[in-house]
Amino acid sequence: METAEKKQIVLSAIQPTGTPTLGNYLGALKNWKTMSNDYECFYAVADLHSITVRPEPAQLRRRTLEMYALLLAIGLDPEKNTVFVQSHVNAHAQLAWILNCYTQFGEAARMTQFKDKSEKHPENVNVGLFSYPTLMAADILLYQADFVPIGVDQKQHLEITRDIAERFNGLYGDTFKLPEPFIGKAGAKIMSLQEPTKKMSKSDTNAKAFISMLDDADAITRKIKSAVTDSEACVYCGEGKDGVNNLMGIYACCTGKSFDEITAEFEGKGYGDFKAAVAEAVVEELRPVKAEFDRLIADKAYLNACMQQGAEKASYFANKTLRKAMKKVGFYQL
Ligand code: ATP
Ligand code: LTN
């Protein structure tokens, strides 16, 4: 009898800290969608992580629902994939505690995101911010994930996840699969439209620096037209041409064209034509997502039902790994 080949497992998560940007979309979410056809996928709204920056409670609730709707709006099928909210699956916080005890203070202190965020929010350098990577490791290891689609800024957290898993496996025998990062080439790091040496970030105070996934066509076109470039007026990817490189990356991600093809397409043309084409490609890319989001966000009962189902499916898998880890550590079993 023919047996269906077991699919490899993918897990990723995104924090509900605001409307995601084109950077989040091209760097991470678009790959989530692509991978959802070929892998067994678990995708989470990382609400536990987001309280490290103490959001206003009503805002956190609203953003969690919106982020969940947005994940379905990009085309993730809640029947085929497991789409859930992290705090609905108790195992995440439970395994994170265990992993805290197998992580050295020094290795957590080396995380650049921790250093960056502590500098940005000196008034709230909490222990949750410090142990952020062990919660992320728990997210990943609970599902025995083979691949984790992320933007390049999260690579260090993937490395610490592997280190913790290896250490635990070394002490107690095989418990966790060692996950590989999956970093899409072109969209790995989309830069700010205003300061193209900085990553595009939804928390940027200058709204012209980022494109939100729910911006309308006018706003997208305006922001791309005012994107910082250089005085050369020649479309190719080169050193010191951060703004143009970034727009080329965005265009490549949206159209599937290579950098060489893009250079050829705009030979002899200026930045005006180039920017107009980039804007149109981005508008077309995001248009169906926004339409589907608007439809879904009006149907809270449906979203709640999907969340409930996602939480149950995720808990089933996560609890299996959690029980295994608890047994290995030596917790008394009833
Ligand atoms: P913030 O800017 O508020 O600190 P963020 O935009 O980095 O947050 P996260 O929720 O931390 O958002 O990231 C979600 C995913 O998007 C991660 O996989 C991250 O690597 C990816 N990502 C974020 N910004 C970019 C970017 N500019 N380019 C490519 N990928 C990105
Ligand atoms: N820290 C991630 C969000 C995140 C995540 C995860 C990503 C939380 N848990 C597990 C991949 C796998 C970020 O994007 N800032």
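The structure presented is a predicted model; accordingly, all values stated were derived computationally and were not measured.

A. Focus on the overall build of the chain. On a plain count of helices and strands, the chain comes out with 14 helices and five strands. In terms of overall dimensions, the chain is globule-like: its C-alpha atoms have a radius of gyration of 21 Å, near the 20 Å expected for 334 residues. For the chain, the C-alpha atoms occupy an extent of roughly 75 × 50 × 45 Å along the three principal directions. Out of the 334 residues belonging to the chain, those deemed buried represent 49%.

B. Spotlight on helix α14 (residues 300-329). For α14, with 30 residues, the first-to-last C-alpha span of 41 Å sits near the 44 Å given by 1.5 Å per residue. Buried within α14 are the following residues: L303, C306, M307, G310, A311, A314, S315, A318, T321, L322 and A325. Those residues of α14 that are buried are in contact with α3 (57-73), β3 (82-85), α4 (91-100), α8 (132-141), α9 (155-172) and α13 (271-297). Once α14 finishes, G330 follows within two positions and takes phi at roughly 110 degrees, a positive value.

C. Representation of the side chain of S315 in the model. Note on placement: S315 falls in helix α14. Among all residues touching S315, those that are not within four sequence positions of it are H88 and V89.

D. A look at the environment of K155. Relative to the elements of secondary structure, K155 occurs in helix α9. Once residues lying within four places of it in the same chain are set aside, the contact partners of K155 are I150 and I183.

E. Region of interest: the side chain of D47. Relative to the assigned elements, D47 resides in helix α2 (residues 47-50). Although D47 lies buried, it forms no salt bridge, and the closest oppositely charged side chain, R61, sits 9.9 Å away as judged by the N-O distance. Separated by 2.5 Å, the side chains of D47 and S87 make a polar contact.

F. Local environment of the packing of aromatic side chains. Counted by the stated rule, this structure contains 15 aromatic pairs. Taking 5.7 Å as the distance between ring centres and 45 degrees as the angle between the ring planes, the aromatic pair formed by F84 and Y143 counts as tilted. Of this pair, F84 sits in strand β3 while Y143 sits in the loop between α8 and β4 (147-149); the two residues are 59 residues apart in sequence, bridging distant segments of the chain. Residues Y102 and F168 carry aromatic rings whose centres are separated by 5.2 Å and whose planes lie at 70 degrees to one another, so their mutual orientation is edge-to-face. Placement of the pair is Y102 in the loop between α4 and α5 (105-109) and F168 in helix α9, with a sequence separation of 66 residues. Taking relative accessible area as the criterion, Y102 reaches 13% and is therefore assigned buried. Cluster of aromatic residues (ring-pair linked, three or more members): F42, F84, Y143, Y316 and F317. Sitting above the plane of the F210 ring, K223 keeps its charged end 5.2 Å from the centroid.

G. Structural view of the state of the cysteines. A full pass over the atoms with the stated rule returns zero disulfides. Just so you know, C253 is unpaired, no disulfide at all, and the nearest cysteine sulfur is the one on C254, 6.5 Å from it.

H. Quick peek at the site of ligand 2. Around ligand 2, 13 residues are found, and the nearest of them are H49, Y132, M136, D139 and Q154. At 2.5 Å from a nitrogen atom of ligand 2 is found a side-chain nitrogen or oxygen belonging to Y132. At 3.0 Å, a side-chain N or O of Q154 approaches a nitrogen atom of ligand 2. Relative to its free-state accessible area of 360 Å², ligand 2 is covered by the protein chains to the extent of 90%. Elements with a contribution of two residues or more to the shell around ligand 2: β1 (9-14) and α8. Top element by residues in the shell around ligand 2 is α8. It accounts for four residues. When grouped by side-chain class, the residues that make up the shell around ligand 2 number eight nonpolar, four polar and one charged.

I. Main features of α13. The terminal C-alpha atoms of α13, which comprises 27 residues, lie 37 Å apart, in line with the 39 Å expected from a rise of 1.5 Å per residue. Roughly 35 degrees is the biggest bend found in α13, and it falls at L286, with proline P288 one to four residues downstream.

J. Here's a closer look at unusual backbone geometry. The phi torsion at R54 lies on the positive side, around 45 degrees, for a residue other than glycine. By the secondary structure assignment, R54 is in the loop between α2 and α3. Judged by relative accessible area, R54 falls into the exposed class, the value being 64%. Non-glycine residue Q144 carries a positive phi angle of around 55 degrees. Relative to the assigned elements, Q144 resides in the loop between α8 and β4. Relative accessible area serves as the criterion here: at 18%, Q144 is assigned to the buried category.

The rules behind each value
Going along each chain's sequence as written, the residues are numbered from 1 onward. Each chain gets a letter, beginning with A, and each ligand a number, beginning with 1, in the order they are written. Where local features are concerned, this predicted model is filtered to residues with pLDDT of at least 70; where side-chain atom pairs are given and counted, the filter is 80 or more; whole-chain, interface and lining totals use all residues. Hydrogens are left out, water is left out, and the side-chain values use all remaining heavy atoms of the structure. Helix numbering and strand numbering both begin at the N terminus, where a helix is a DSSP run of H or I of at least 4 residues and a strand a DSSP run of E of at least 2. C-alpha atoms define the radius of gyration in this analysis, and the globule rule sets the expected value at 2.2 Å times the number of residues to the power 0.38. Burial classification: accessible surface area is computed with a 1.4 Å probe over protein chains only, and a residue below 20% of its type maximum counts as buried, one above 50% as exposed, and the rest as partly exposed. In a helix, the anticipated span is given by 1.5 Å times the number of residues less one. Contacts between residues were defined by any pair of non-hydrogen atoms, one from each residue, lying within 4.5 Å. Only four residue types enter the charge count: Lys and Arg as positive, Asp and Glu as negative, with His and the chain ends excluded. We define a salt bridge as a side-chain nitrogen of Lys or Arg found within 4 Å of a carboxyl oxygen belonging to Asp or Glu. Any pair of nitrogen or oxygen atoms within 3.5 Å is treated as a polar contact; in protein, a donor-acceptor pairing is required on top of that, and neighbouring residues in sequence qualify only through side-chain atoms on both sides. Each pair of aromatic rings taken from Phe, Tyr and Trp, with Trp reduced to its six-membered ring, is defined by centres within 6.5 Å and is described as stacked if the planes are under 30 degrees apart, edge-to-face if over 60, and tilted in the remaining cases. Two thresholds decide whether a charge sits over a ring: the Lys NZ or Arg CZ must be within 6 Å of the ring centre and within 35 degrees of the ring normal. Sulfur atoms of two cysteines make up a disulfide when they are within 2.5 Å. Whether a residue is near a molecule or strand depends on its heavy atoms: if one lies within 4 Å, it is near. Computed with the Shrake-Rupley method and a 1.4 Å probe, the accessible areas treat only the protein chains shown as cover for residues. Charged residues are taken to be Asp, Glu, Lys and Arg, nonpolar residues to be Ala, Val, Leu, Ile, Met, Phe, Trp, Tyr, Cys and Pro, and polar residues to be all remaining types, Gly included. Bend at a given residue is defined as the angle between two axes, one fitted to the seven residues that end at that position and one fitted to the seven that begin there.

What is shown is where atoms sit, not what they do.
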